[in-house]
Amino acid sequence: MASLGQNLYKADLREFAFVLFEQFRLGEILGAAPYESWAEDDVRMVLSECYKFVCEVIGPLNRSGDEEGCHMEGGRAITPKGFKEAFDKLYEAGWKSLGVGHEYDGQGAPRAVTLVAEEMLSGANPAFNMYPGLCVGVGELLETFGTPEQKELYLPRLYKGQWGGTMCLTEPQAGSDVGAARTKATRNADGSYNIEGTKIFITGGDHDITPTIIHLVLARVEGAPAGTKGLSLFIVPSVRVNADGSLGEPNDVVLGGLEHKMGIKGSTTCVLNFGENGGCKGYVVGGVENAGMAQMFKMMNTARIAVGIQGLATASAAYLNALVYARERKQGPSIKKFKDPTAPKVPILEHADVRRMLLDMKARVEGIRALAVKLAMHQDLAQIHAGKDDALAAEHNGQVEILTPMLKAYASDQGFRVCENAIQTLGGAGYISDYGMEQYCRDAKIFSIYEGTNHIQAMDLVSRKLALRGGADLKKFLGDVGTFAKRNAEHPVLGGAAQQLALAQKAVGGAVAAMMGWTQEGKIELVPLYANRFLEMMAETTVGWLLLEAASIAHDRLGALGRQHPDAAFYQGKISSAVYFALNVLPAVAGRAQIMSGGDDAALTIPDAGFAAI
Amino acid sequence: MKVLVPLKRVADPDNANKVKVTADGKKVETTGLEWKPNPFDEYAVETALRLTEDGTKPKTRAGEVVVVTFGPKECEITLRAMLATGADRAIRVEAEDDQLDGWLVARALKKLVEQEKPDLVLLGKQAVDGDTNQVGQILAELLGWPMATSAAMIKEDGEALLVGREVDGGVINLKVRLPAVVTVDLRIVAPASVYSKLTKADFKYNEGVRFAPLPAIMQAKKKPMAVLKLADLATDTALRIQYPRFEPPKGRAAGKKVKDVAELVDKLKNEAKVL
């Protein structure tokens, strides 16, 4: 049972090592540019030390942060007890510099390694990890688009956690429709701008962790075009910063209020009023006006991957905790002895439906993790080939584009459902607060909403990503899945599962053709109606594929090592995940394709007044 | 002060169910095990770091901390973890796990101590795999040095150490002249248990062993790692402790219900033989 200050977070380091080294062969890219300072041993040590750190420093604040939440005091946001100290320890230990380049005192680790470390940081305490996560996000945006002076002033301090960061997009009338933003920017003679407007739902918009917060604010310069094309991105510190990095006057950024939320209660969600008193100064990113959306997309893509990892991380933590509980909790006899009233009580792990839930959680968690690491490996390979083989780099970047909305949406949707199943596994103990399961579930709900709702992700996939480079990325993706399925169709253990994968791959191809048909036939409104389900089909096909890839590696290793080897159960578990997913989940992909081919439009044709008589 | 810390990697004690015995029962299967530094040895390294610094400036070392282990190449990751937390250099003595016992390790360490000339050898009180609790004591005897085991408190006091030893019913305080051998117990990593002469008496450490910061982990591979042959340190490498057979502990037998106190007493006396 959890109590205040006790860490609940668990990770399976063997699984991390498998995904990185055995499945995605990370070792092959280590030791050479740009990862010349990295070796396999470094990665192993980094992961085990990071795990130790999150369990001892961040994990113990997860429940207490949820119970205490954030509050306002004298117009300022106050974070839960211990957050500031843990933040300082995090930067002292250097974990947020893992993926930062050497030129900014970072370790330049491959994305795949950073991703796994981020899974641990998020999993141990998703609310806490928002604050440092935003420092990195703002830093990366300025590293890409900032002027040399902006980089010099802001980057070292953001990357070292001395200054906080936010992304300020949402306004009361401009949520998913960002182009409706009304925040105004007025040019000053000195090259700065006066910023005026209200932003809402700003994560980390105010807190007591850093002395200033670097807000990135989307605003419209007077006279700029309407819609997203007229938005510019501004650097707006909450406390002004001088050219030498020292802090100046407050910058007229006023905390208008804190939201009360379902989950991630340790993370502040703020209403921010910029320039209420006419004294809020901003600086346009990169010195370029009307480039705000393109610039913000860079940060949003990183953030969408990060949200996918949050979904994965929370789900994984919930799964492993449910597993531990199921091993210990005794209830009822084995069904094989149902006639014997004196039969011994068994751990609930022995009950078939508990095993089904656990294997379902395991398969989804591992499959999503494989999807995430695959995405990160494509990022790393794109970076390795950039400037040497641009066509190959573009191919890898194309896969990143396709996988990003899938990771964000599928990991967040399924993450929530895994947490729900974790509660179900614990029964009543899962519904009460003491075991931490209900917090995982509450925390996980936001992931399908922020950083672009999952419908935005589905529309991004369907209307933008599938058509990128003339559909070449989609073709490559379907080709990779098809080749794998065909090659393994006669596999002695995985053959039946591979055949299900082939059917799912075909169904995805068919669904793409159906959607193209609707567009040509003037039934374009069917596309958003089915987009979420299409994304799910494609993500499940990806997860099924990567689980089977892992299982085929595990099968080979088992053959080589024998069933007495200490790793045998681990590898058998990998095979079970893949077979379960292929035979219990993948058939529904073809089922959804069939639903799509019917093209039912009841949700569109029902009269508005027909939804209810209220 | 120069401190030598011998340490051992052990199968992850949190994952003990992964430990298997080979089919012939001759040894413990080591392939595929998750390794961790023996916790008591980790405490010994933390103690060595505390004794060679001012607690407020943990990045500056006053003296030297040398870590040594016996084992195959993969043990170097255990040593590197210690270099990352602040040890200055590492020595690995090439050996296989089943070529070693406490007697041999202690004799090889004696030779190494003669070469390295540390002021203090700090060890964990025992390794949590074999639990033999011998190496520190044998080494002290071989060296003819003063010894204190199961230390829960160490304070540097001129050329000597004040050591609080955990014993049944309390703590015995000893003054130990250097050079010496000290083995440490769990409470040595409490916030106020170790003081070098540089650390002020009101300073409090964080509970437990320190974290290895990421930059230090990456820099640790640049610190010296010497590899020695076992034969260079011990001429006679025959084992004194023989392990004829290993077997995993038996699972717990199911309990029995007794009718009355008389039957309980009878069973405790004649079956369990505890009365």
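What you are looking at is a predicted structure, and each value in this text was computed from that prediction instead of being measured.

This part covers the overall build of chain B. A count of helical and extended segments in chain B gives seven helices and 14 strands. A principal-axis box enclosing the C-alpha atoms of chain B has dimensions of 65 × 45 × 40 Å. Counting all 275 residues of chain B, 44% fall into the buried class. Once local pairs closer than 6 in sequence are excluded, the contacts in chain B between residues at least 24 apart make up 71%. Of the roughly 14500 Å² of accessible surface on chain B, 54% is carried by carbon and sulfur atoms. Measuring between centres, the 44 positive side-chain charges of chain B sit 1 Å from its 40 negative side-chain charges.

Topologically, B:Ala238 is positioned in the loop between α6 (230-233) and α7 (261-270). What makes B:Ala238 partly exposed here is its relative accessible area of 48%.

Once that is clear, we can look at the nonpolar core. If you look at the biggest cluster of nonpolar residues, it comprises 210 residues, and the most contacted ones within it are A:Leu26, A:Val54, A:Phe534, A:Met538, B:Val67, B:Leu122 and B:Ile154. The element contributing the most residues to this core is helix α16 (residues 526-561) of chain A, with 18 residues. Leave out the neighbours within four places in its chain, and A:Leu26 touches A:Leu20, A:Phe21, A:Val43, A:Pro110, A:Ala112, A:Val113 and A:Met377. A:Leu141, A:Leu153, A:Leu155 and A:Ile235 belong to the second-largest nonpolar core, a separate cluster that totals 29 residues.

This part is about the interface of chain B and chain A. Taken together, the contacts link 18 residues of chain B with 25 residues of chain A. Both sides of the chain B and chain A interface together cover about 1900 Å² of buried area, and 64% of this is carbon and sulfur. Connecting chain B to chain A are three salt bridges. Residue A:Lys52 is joined to B:Glu42 by a salt bridge in which the shortest nitrogen-to-oxygen separation is 3.5 Å. At the junction of chain B with chain A, the criterion picks out five residue pairs in polar contact (both at pLDDT 80 or more). Looking at the side of chain B that touches chain A, the elements with two or more residues in it are α2 (76-85) and α5 (214-219) of chain B.

Here we come to the pattern of salt bridges. Residue and element names in this part refer to chain A. By the definition in use, this model includes 64 salt bridges over all chains. Its salt-bridge partner being Arg63, residue Glu67 comes within 3.0 Å of it at the nearest N-O pair. In this pair, Glu67 and Arg63 are both assigned in helix α3 (residues 61-68), four residues apart and thus about one turn of the helix distant. Across the pair Asp206 and Arg76 runs a salt bridge whose closest N-O atoms are separated by 2.9 Å.

To continue, consider the state of the cysteines. All names here are of chain A. With the rule as written, the count across this model stands at zero disulfides over all chains. The cysteine Cys135 is free of any disulfide, with Cys168 supplying the nearest cysteine sulfur at 14 Å. Looking at Cys280, it has no disulfide partner, and the nearest cysteine sulfur is the one in Cys168, 9.8 Å off.

Before going further, it helps to examine helix α9 (residues 352-385) of chain A. Residues and elements named next belong to chain A. Relative to the 50 Å expected for 34 residues at 1.5 Å per residue, α9 spans 48 Å between its end C-alpha atoms, a close match to the ideal helical length. Of all 34 residues that make up α9, 25 are buried, and the element is covered over most of its length. In the stretch just after α9, Gly387 is the one whose phi turns positive, near 85 degrees.

What follows covers the confidence of the model for chain B. Looking at chain B as a whole, its pLDDT mean stands at 93, while 100% of the residues score no less than 70. On the interface metric, ipTM, the complex scores 0.86, and its pTM is 0.92.

All names here are of chain A. Where α16 contacts helix α17 (residues 568-584), the two axes come as close as 8 Å, and the packing angle between them is 150 degrees. Relative to α17, the element α16 is oriented roughly antiparallel. Note that α16 runs across α17; the crossing there is left-handed. Residue-level inspection shows Glu540, Val543, Gly544, Leu547, Leu548, Ala550, Ala551, Ala554, His555, Arg557, Leu558 and Leu561 of α16 in contact with α17, the latter providing Ala568, Tyr571, Gln572, Lys574, Ile575, Ser577, Ala578 and Phe581. Classifying every residue of the contact of α16 with α17 by side-chain character gives 13 nonpolar, four polar and three charged.

All names here are of chain A. Where helix α2 (residues 40-58) meets helix α5 (residues 111-124), the closest approach of the two axes is 9 Å, and the angle between their N-to-C directions is 15 degrees. Considering their axes alone, α2 and α5 lie roughly parallel with respect to each other. As α2 packs across α5, the resulting crossing turns out to be right-handed. Contacts between α2 and α5 involve Val43, Leu47, Cys50, Tyr51, Val54 and Ile58 from the first element and Val113, Val116, Ala117, Met120, Leu121 and Ala124 from the second. Within the contact of α2 with α5, the residues separate by chemical class into 12 nonpolar, no polar and no charged.

To continue, consider the environment of A:Ala174. Residue and element names in this part refer to chain A. Structurally, Ala174 can be placed in the loop between β3 (164-168) and β4 (184-187). Given the relative accessible area of 0%, Ala174 is considered buried. For the pair Ala174 and Ile200, spaced 26 residues apart in sequence, the C-alpha to C-alpha distance is 9.5 Å. Residues contacting Ala174, with those up to four places away along its chain left out, are Leu169, Ala180 and Ala181.

Below, the discussion takes up unusual backbone geometry. Residue A:Pro34 follows A:Ala33 across a cis peptide bond; omega there is 0 degrees. Turning to its location among the elements, A:Pro34 is positioned in the loop between α1 (13-23) and α2. Following B:Leu178, the chain continues into B:Pro179 via a peptide bond in cis, with omega recorded as 0 degrees. Here B:Pro179 shows up in the loop between β11 (170-177) and β12 (180-184). One non-glycine residue, A:Phe201, adopts positive backbone phi at about 55 degrees. Residue placement: A:Phe201 occurs in strand β5 (residues 193-203). Positive phi outside glycine occurs at B:Lys273, with the angle close to 55 degrees. Here B:Lys273 shows up in the segment after α7. With relative accessibility at 63%, the residue B:Lys273 sits in the exposed group.

Thresholds applied
- Residues numbered from 1 in each chain as written.
- Chains lettered and ligands numbered in written order.
- Predicted model: local features only at pLDDT ≥ 70, side-chain atom pairs only at ≥ 80, totals over all residues.
- Heavy atoms only, no water.
- Helix = DSSP H or I, 4+ residues; strand = E, 2+ residues; numbered from the N terminus.
- Buried < 20%, exposed > 50% of the residue type's maximum accessible area, 1.4 Å probe, protein only.
- Contact = heavy atoms within 4.5 Å.
- Areas by Shrake-Rupley, 256 points an atom, 1.4 Å probe, with all protein chains shown as cover.
- Lys, Arg positive; Asp, Glu negative; His and termini not counted.
- Charge placed at Lys NZ, Arg CZ, Asp CG, Glu CD.
- Core = buried A, V, L, I, M, F, W, Y, C linked by side-chain atoms within 4.5 Å.
- Buried area = accessible area lost by both parts, 1.4 Å probe.
- Salt bridge = Lys/Arg side-chain N within 4 Å of Asp/Glu carboxyl O.
- Polar contact = N/O pair within 3.5 Å; in protein donor to acceptor, adjacent residues only side chain to side chain.
- Disulfide = S-S within 2.5 Å.
- Expected span 1.5 Å × (residues − 1).
- pLDDT = per-residue confidence, 0-100.
- Axes fitted to C-alpha atoms, helices over the stretch in contact; angles between N-to-C directions.
- Parallel < 35°, antiparallel > 145°, perpendicular 65-115°, else oblique.
- Left-handed = near helix turned anticlockwise from the far one by under 90°.
- Nonpolar A, V, L, I, M, F, W, Y, C, P; charged D, E, K, R; others polar.

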